[in-house]
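Coordinates in review
The residues making up each chain are set out below.
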Amino acid sequence: KLCVVVPYRDGCGSSNQGVGRIKNLQDFVAHTPSFLRKRGVPDLRLIVVEQTKRGLFNKGVLFNSGVKQAEAIGCDYMVMNDVDQIPIGDSLKHEFPSQPTHLCTETDQEKFKLYETMVGGALLLSL
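What this report covers is the structure whose coordinates are included nearby. These numbers come from a predicted model, not from an experiment.

Turning next to the pairing of strand 1 (residues 2-8). The buried fraction of strand 1 amounts to 7 of the 7 residues, a majority that puts the element mostly inside the structure. Where strand 1 and strand 2 (residues 44-50) come together, 7 bridges link them in parallel fashion. Within strand 2, the position partnered with V5 by the bridge is I47. Direction of pairing for strand 1 relative to strand 3 (residues 77-81): parallel, over a ladder of 4 bridges. Residue L2 lies in a different strand from strand 3, and its bridge partner there is Y77.

Attention now moves to the state of the cysteines. Here the structure, examined in full by the defined rule, presents 1 disulfide. At a sulfur-sulfur separation of 1.9 Å, the disulfide partner of C3 is C75. Taken together, the residues C3 in strand 1 and C75 in the loop between helix 2 (59-72) and strand 3 connect sequence positions 72 residues apart. With relative accessibility at 8%, the residue C75 sits in the buried group.

Under the counting rule described, the total for this entry stands at 5 salt bridges. For D43, the salt bridge identified is with R45, shortest N-O distance 2.8 Å. When the shortest N-O distance is used, the salt bridge between K59 and D82 registers 3.1 Å. Within this pair, whereas K59 is found in helix 2, its partner D82 is found in the loop between strand 3 and strand 4 (101-102), the two being separated by 23 residues in sequence. Note on D82: relative accessible area 15%, which makes it buried.

What counts as what
- Residues numbered from 1 in each chain as written.
- Predicted model: local features only at pLDDT ≥ 70, side-chain atom pairs only at ≥ 80, totals over all residues.
- Heavy atoms only, no water.
- Buried < 20%, exposed > 50% of the residue type's maximum accessible area, 1.4 Å probe, protein only.
- Helix = DSSP H or I, 4+ residues; strand = E, 2+ residues; numbered from the N terminus.
- Pairing = 2+ DSSP bridges.
- Disulfide = S-S within 2.5 Å.
- Salt bridge = Lys/Arg side-chain N within 4 Å of Asp/Glu carboxyl O.

This is the structure in structure tokens:
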């Protein structure tokens, strides 16, 4: 069973960090389950972990929470997926991984730069 864990927060207090993420989340939820089913993922769960609007956004804490939830509901593997990185590539594989796999190596995000030593956007791994 695949779990897609998505950290989320729409804006935060005095800064504009994350403002407008509700639209990203709506698009992600509308698109991703059918995209994955069409690519042969029969059993999947989408876990959105939301942070309050206070303080700095802490994606790591949200992913940790998502991992615990994924384990609790019996997931075998997961994708840690940023809310603004919708999977669209025909070459994307969401099969059980033999090793952690960086899925977000191409994007239509403006000024995107692929860093060879960093992972972001979407990471597939076993639990």
